[in-house]
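Close look at the chain arrangement
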Amino acid sequence: MSAIPANIKSLSSVARFMEVIIKGKIDASRRFESKFYTRIITPAEDSYSRPQVVEVRSTPKLGQLGDEVTVTCRLGGFTRKPYRVTDKETGETLMITPVDLTLDAID
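The following refers to the structure shown.

What counts and what doesn't
Residues numbered from 1 in each chain as written. Predicted model: local features only at pLDDT ≥ 70, side-chain atom pairs only at ≥ 80, totals over all residues. Heavy atoms only, no water. Salt bridge = Lys/Arg side-chain N within 4 Å of Asp/Glu carboxyl O. Helix = DSSP H or I, 4+ residues; strand = E, 2+ residues; numbered from the N terminus. Buried < 20%, exposed > 50% of the residue type's maximum accessible area, 1.4 Å probe, protein only. Pairing = 2+ DSSP bridges. Core = buried A, V, L, I, M, F, W, Y, C linked by side-chain atoms within 4.5 Å. Contact = heavy atoms within 4.5 Å.

Looking at the pattern of salt bridges
Charged atoms that come close allow side chains of opposite charge to pair. In the structure shown here, the tally under the stated rule is five salt bridges. Put simply, arginine 74 and glutamate 19 hold a salt bridge, and the shortest N to O gap is 3.7 Å. Residue arginine 74 is found in strand β4 (residues 68-79), and its partner glutamate 19 is found in strand β1 (residues 19-32); the two are separated by 55 residues along the sequence. Owing to a relative accessible area of 23%, glutamate 19 belongs among the partly exposed residues under this scheme.

Right under this line is the structure:
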């Protein structure tokens, strides 16, 4: 019963929880408080869709403008200040709490 089934991958070959792999071209980069913030444009899924744009925070610089990179990142996030909105159809007021996602390069 201790044998591992052949169709199950080991944990080392599978991405860990809260980690993502970003592949794309560096569109812009800036430095703020000893961290680099790199804007990456990912390839579009097909010729009729737009490419996705993400920003990755890292300690070392990820590359130069126009470089194609592949970066493993830790996904994070935080909530911003809640605000009240009114549904135009029903008149009901709701509290909305926006969530911002962050991507930190894993060194």
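A short note on the pairing of strand β6 (residues 93-96)
Where strand β5 (residues 83-86) meets β6, four bridges bridge the pair, whose relative direction is antiparallel. Bridge pairing in β6 places valine 85 opposite leucine 94. Counting the residues that bridge the hairpin from β5 to β6 gives six residues, and of these glycine 91 lies at a positive phi of roughly 80°.

A look at the nonpolar core
Ranked by size, the top nonpolar core spans nine residues in total: Ile22, Ile26, Ile40, Val56, Val69, Val71, Cys73, Leu103 and Ala105. For this core, the elements supplying multiple residues, two or more each, are β1, β4 and β7 (99-105). Here this core takes three residues from β4, the largest share from any one element. In this view, isoleucine 22 contacts Ile40, Thr42, Val54, Val69, Thr70, Val71, Cys73 and Leu103; residues no more than four positions away in its chain are not counted.

Geometric values such as these leave the question of function open.
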